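The residues making up each chain are set out below.
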Amino acid sequence: MADDATKIVAGTVGEDVLTVHKLRVLDERAGVRRPVCGAGKPGDETDEWSRAVNCRPCLEAPTE
């Protein structure tokens, strides 16, 4: 089983529902996720989506 810190999901950050980021799952139970590119603020809500990532900095960032 993979560690939660290595799990990546697609989703949005804060009020911007058009930009889909790679979200690194920090705590699955608490729903704590942060975008790979660093977008948003620490307290911004993240929502997981079944959409293709379209944030260029997230696409270019190594996640492995």
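What you are looking at is a predicted structure, and each value in this text was computed from that prediction instead of being measured. (Residues numbered from 1 in each chain as written. Predicted model: local features only at pLDDT ≥ 70, side-chain atom pairs only at ≥ 80, totals over all residues. Heavy atoms only, no water.)

*Asks:* Can you walk me through the environment of Gly 31 in this structure?
*Replies:* By the secondary structure assignment, Gly 31 is in the loop between strand S2 (16-27) and strand S3 (32-35). A sequence separation of 18 residues divides Gly 31 from Val 13, and the C-alpha atoms of the two residues are 13 Å apart. (Helix = DSSP H or I, 4+ residues; strand = E, 2+ residues; numbered from the N terminus.)

*Asks:* How should the pairing of S3 be read in this particular structure?
*Replies:* Each regular strand shows side chains that alternate between the opposite faces of the sheet. Two elements, S2 and S3, share four bridges in a ladder whose sense is antiparallel. Paired with Val 25 across the bridge in S3 is Arg 33. Counting the residues between successive antiparallel strands, the hairpin from S2 to S3 contains four residues, one of them, Gly 31, with a positive phi of roughly 70 degrees. (Pairing = 2+ DSSP bridges.)

*Asks:* Honestly, the pattern of salt bridges in this entry has me stumped. Any pointers?
*Replies:* Pairs may arise between side chains of opposite charge once their charged atoms sit close together. Taken as a whole, this structure holds one salt bridge when the rule is applied. In this structure, Lys 7 and Glu 28 form a salt bridge, with 3.3 Å as the shortest nitrogen-oxygen distance. Of this pair, Lys 7 sits in the segment before strand S1 (8-13) while Glu 28 sits in the loop between S2 and S3, and the two are 21 residues apart along the sequence. Residue classification places Lys 7 among the partly exposed residues on the basis of a relative accessible area of 37%. (Salt bridge = Lys/Arg side-chain N within 4 Å of Asp/Glu carboxyl O. Buried < 20%, exposed > 50% of the residue type's maximum accessible area, 1.4 Å probe, protein only.)

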